[in-house]
Amino acid sequence: MNAPRDGWMSAAATLSIAAAVYLSLGALSGWINVDDLRGVAAAVLAMTAGVVVAVRAVTRSLWWPTAAGLIAATVICVPVFTMHDDGGRQWLPTPGALADLGRVFAEGLTYAGATVAPAPVVPPLALVILAGLIPLFLVADALAVGARWVATSGVVLLAPWLPAIVMEHVVHIPSMLAAFGVWLIALGLLRRPSAIRSRAPVAAPLVTATAVIAAALVVTPLLVSGPGWDRLPRISSAGGASTTTRLSVELDLRESLGARSTSPVLQYTSDGGQPDAFKLRTLTDFDGTSWEPAASSRSERPREGDVVWTVPVDNPADYEATTVTVEPVGAAEENIPLPNAPRSIAIDRAWDYDAALDEATLARGRITGATYSVSLLDDFVTGERLLAAEDGIGTDSDDVGERYLAIPDAMDAERVATLAQEVTAEATSRYGTAVALQQYLRNPTTFTYDTSVEPNTADTVSTFLDTRTGYCIQFATAMTMMARTLDIPARMAVGYLPGNQLGSGTYVVDGSQAHAWPELWFPGAGWIRFEPTPAVQTGFAPTYASNYAVEAASGVESDAADPVAPAEPERPEETQQPEPEHTGAATSPNDSTTTAAPWWLLAIGVVLVAGGAAWALARRSTADAALDDADAIWAGLRRRLPAAARWPESMSPAQAVRFSCDALATEGLLLPANARAAFETLAQDVMTHRYAPDPSTVALSHMRACRDQVLHGVKAAARTSSGART
């Protein structure tokens, strides 16, 4: 099919379509920080549109302008998003450069899946978004200007707004109206003149577009208020995306773990470290396949400042307190998510506390949007306190009810008890027994974390112990039942893992981090959390829940430095990194006749691309050049660690530290305190280089020093372990 040359009207229509696509960034305002993307999006769209206009001016082909635009956009993106190993830009679209572009695109997809909205637009994410905008523009332009199916192009331009309308219920109305406005301009420019009524080309499209906009503005609010809409995810405001989520407490060990929401649930700040977990509910009764939640009595309404815990806490002022301020951005629970330690709660709502279940419940309503503060006594639970609980075993303080010792008839209790006794044969205390059970299940060489399970009997615990494959519910249930066969009161808890770090002292928890764990009773200490699920999913176990901590509490000397109390490593003197120089002059294409050969037109397109790329590069942060170096340091550390300690590449840096340290500890290699602290500092620096607005505050020389300190620590731990065996 051939399209006529319409001169400036076709060119103006193409630019109008490009403007409509650019304005569709407003549809993404709930998911990304749109302002971070406007500059590069405008440059790439403008250069691509320029090439399309130039090619269309000299050809009647419908698809040549579209193909040329796609080539131009690709050529633009190569220098904007890829670099050589030495940090210089890759200017030509060589096979290697295109492969690097694909790698950056894959990184963008990973970042998009793991980052909380509204996400900062880092370069990989910018490439992913442009990979959607450019085809959108080219298709809409081909339909409107090439094929003259202008109305159909409007449907294409509506596409980026649909997720905002259907899922968010909030759109940026000025941007949407402006996008429809420029589409109207294209509609008027491209309507064929009528021999009877010269004004028809403008009037008819105007009436049609006005009707479409009016219908959208009238029907959408009706849909939002209509029946069934409340079952769709909601976004609370245009400035940030949050999906309300309720944690399921119906745990059936026969079911595989399905897809979980990645919408943010909690966002919190801490003036200390991260809590081990946030607890929501307690589960007590198990029938062999599934758990039932315990009914809360809501028997106590604490006064402001009261410390709530499962046992009385004497002299709470004697303990160091960490303040955690929590914003439930997506949690739609009646219960208040609480860290697992004695704490006081400050919240502008009436609430009740059940000490028997360790549940705090709002008197009315749900927790969504109710920011609260927790003063956490996180040094209350120690190895010494858990070991001292031995004196209370068998006394009245150890009698918490038969329900916490109940064994389901469907379970092979004798088989489970025999295994539990074998695993804990060397333990001399309830504390040591609990840690032995945890470490047995947590051992990655014995058990495998997998969300797919196929138990086909009523005795799911025995099935799990046979297959040795499962996820958190199977691991936690197995430890709970094994503990009960040893006459240790035990129960299940559900809540969330501590989440990922966004910035200094700020963390976010999403729905995919829902978790289950066992709690065991210790007289004088209360219900204590343990973590039998492997580190690949959970990271570190609690600091008191390790063989090393048991030995330390028992007075057994160890040559290894305490890995659970890291000191801040000395920071080497930071050096100012030189800013990379951006070179390249913008040029204008020479005027030529419309009969120029196609190769000359491609040359014009390359000149336009180079000019656009130079302009876009001038807006790029100088930190981009350091990003590859920072990731290279991080990847180099992973390569040089023992195989068992090499974290999966899908993990965040914070998760990687937990995984590696736990894997090393399983191998008997306990990192010295300064090495572990350097590991944690390096992870934070990598996160800063990747995502912070101003990553240049961290010097690469300091990151290399931290990496070397970690590797020296691993070698020292290996020497200590080897000496202990000999």
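Above this text you will find the structure in question.
Everything numeric in this text was worked out from a predicted model, so none of it was measured.

1. Some thoughts on the nonpolar core
In this structure, Tyr431, Leu520, Phe522, Ile528 and Phe530 are the most contacted members of the largest nonpolar core, which totals 58 residues. At 9 residues, the largest contribution of residues to this core is made by helix 14 (residues 472–485). The contact partners of phenylalanine 530, leaving out residues within four places of it in the chain, are Ala434, Val435, Gln438, Met479, Trp517, Pro518, Leu520, Phe522 and Ala545. In this structure, Ala18, Val21, Val145 and Leu187 belong to the second largest nonpolar core, which totals 54 residues.

2. Side note on the pattern of salt bridges
For the structure on display, the rule yields 16 salt bridges. Between aspartate 306 and arginine 303 there is a salt bridge; the shortest N-O distance is 3.5 Å. Given a relative accessible area of 64%, arginine 303 falls into the exposed group.

3. Digging into the sheet that holds strand 10 (residues 372–376)
Overall, antiparallel pairing links the 7 strands, which are arranged 4-7-10-5-1-15-14 in an open sheet. In the strand order of this sheet, the two ends are held by strand 4 (307–308) and strand 14 (500–503), each with one partner. Where strand 14 and strand 15 (residues 506–510) come together, 3 bridges link them in antiparallel fashion. Its bridge partner being in strand 15, asparagine 500 is matched across the sheet by valine 508.

4. Some thoughts on the pairing of strand 10
Burial along strand 10 is one-sided: Tyr372, Val374 and Leu376 are buried, and none of Ser373 and Ser375, which face the opposite way, are. Here strand 5 (residues 322–327) runs beside strand 10; their pairing, made up of 5 bridges, is antiparallel. Bridging from a neighbouring strand, valine 326 pairs with tyrosine 372 of strand 10. Of the strand pairs in this sheet, strand 7 (residues 343–347) and strand 10 are connected by 5 bridges, and their pairing is antiparallel. Pairing of arginine 343 across the sheet is with leucine 376, part of strand 10.

5. A closer look at the packing of helix 12 (residues 430–442) against helix 16 (residues 547–554)
One can describe the packing of helix 12 onto helix 16 by two numbers: an axis separation of 9 Å at closest approach and a directional angle of 165°. Put simply, helix 12 runs roughly antiparallel to helix 16. Seen along the crossing, helix 12 lies across helix 16 with a hand that is left-handed. The residues of helix 16 that touch helix 12, namely those facing Tyr431, Gly432, Val435 and Gln439, are Asn547, Ala549, Val550 and Ala553. Counted by class, the contact of helix 12 with helix 16 contains 5 nonpolar, 3 polar and no charged residues.

Procedures and definitions
Residues numbered from 1 in each chain as written. Predicted model: local features only at pLDDT ≥ 70, side-chain atom pairs only at ≥ 80, totals over all residues. Heavy atoms only, no water. Core = buried A, V, L, I, M, F, W, Y, C linked by side-chain atoms within 4.5 Å. Buried < 20%, exposed > 50% of the residue type's maximum accessible area, 1.4 Å probe, protein only. Helix = DSSP H or I, 4+ residues; strand = E, 2+ residues; numbered from the N terminus. Contact = heavy atoms within 4.5 Å. Salt bridge = Lys/Arg side-chain N within 4 Å of Asp/Glu carboxyl O. Pairing = 2+ DSSP bridges. Axes fitted to C-alpha atoms, helices over the stretch in contact; angles between N-to-C directions. Parallel < 35°, antiparallel > 145°, perpendicular 65-115°, else oblique. Left-handed = near helix turned anticlockwise from the far one by under 90°. Nonpolar A, V, L, I, M, F, W, Y, C, P; charged D, E, K, R; others polar.

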